[in-house]
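Examination of the molecular architecture
Take a look at the letters that make up each chain.
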Amino acid sequence: MAAAKPPPEHLFNPTTDSDPLAGLGTKLPAMLPPGPARQWLEARRAGVRPWGSFLDQRRFGVPRNFGELCQRLSHNAEHFQSNYLFVFLGLILYCLVTSPLLLVALGVFFGACYVVRLRAQQAPLVLLGRELTPAHQYGLAGGVSLPVFWLAGAGAAVFWVLGATLVVIGSHAAFRQLEPPDTPELQMEPV
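Analysis parameters
- Residues numbered from 1 in each chain as written.
- Predicted model: local features only at pLDDT ≥ 70, side-chain atom pairs only at ≥ 80, totals over all residues.
- Heavy atoms only, no water.
- Helix = DSSP H or I, 4+ residues; strand = E, 2+ residues; numbered from the N terminus.
- Expected span 1.5 Å × (residues − 1).
- Buried < 20%, exposed > 50% of the residue type's maximum accessible area, 1.4 Å probe, protein only.
- Contact = heavy atoms within 4.5 Å.
- Core = buried A, V, L, I, M, F, W, Y, C linked by side-chain atoms within 4.5 Å.
- pLDDT = per-residue confidence, 0-100.

Moving on, we get to helix α8 (residues 154-175). Spanning 22 residues, α8 covers 31 Å between terminal C-alpha atoms, matching the ideal 32 Å at 1.5 Å per step. If you check which residues of α8 are buried, you get Ala154, Ala157, Val161, Ala164, Thr165, Ile169, His172, Ala173 and Ala174. Considering only its buried residues, α8 is in contact with α3 (51-54), α4 (66-79), α5 (81-97), α6 (100-122) and α7 (134-152).

Written out as structure tokens, the structure reads:
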């Protein structure tokens, strides 16, 4: 008889050390060329707190007063900064997946940029007797794509993502209780 496999650990169990983004840290930076963007992404990836701790429902509660609310917002925004970045990126991805016309608009834009890049490698583009630099060509690709973005509702999508991010992250930061300090410090109680 085959030995029964243990049940999988729940994703939101704070006692698990498994990280659903563990493979992302090794794959995504390898796709980026060396430079500041890669270093920034690696720093954000290294700063991600465990998702089980981030989503632990036992650590949520209503703040007692406005001072505690401000303290929670400030501390949690700093403590979970990298987690919040991945929440923001997840909301962007959700917005793109649920808006097919926006995906088409992005495809048109990136397709035009790809054509500009290929064209710039072959020979310079001359228009009305003037040579267009690659920067001008990218600007022209953006200008051509602008009506497509407008028709796709890109402006509404941007504001939806910003609003949803503020609500989700603001709610988490406001209601997530502070971590107990590692070192004993003098704490003053509110009067």
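A separate point is the nonpolar core. One broad rule of soluble globular proteins: the nonpolar side chains tend to lie buried together. The biggest cluster of nonpolar side chains holds 11 residues, and these are Val48, Trp51, Phe54, Phe80, Tyr84, Phe86, Val87, Leu91, Ala164, Ile169 and Ala173. Taken together, the elements giving at least two residues each to this core come down to α3, α5 and α8. Of all the elements, α5 adds the most residues to this core, at four residues. In terms of nonpolar packing, the next biggest core, distinct from the first, is built from eight residues, Leu102, Ala105, Phe149 and Ala157 among them.

On to the confidence of the model for the protein chain. For the protein chain, per-residue confidence averages 80 on the pLDDT scale, and 79% of positions sit at 70 or higher. Every residue in residues 7-21 scores below 50 in pLDDT, and together they form 17 contacts with partners more than four places removed in sequence or on other chains.

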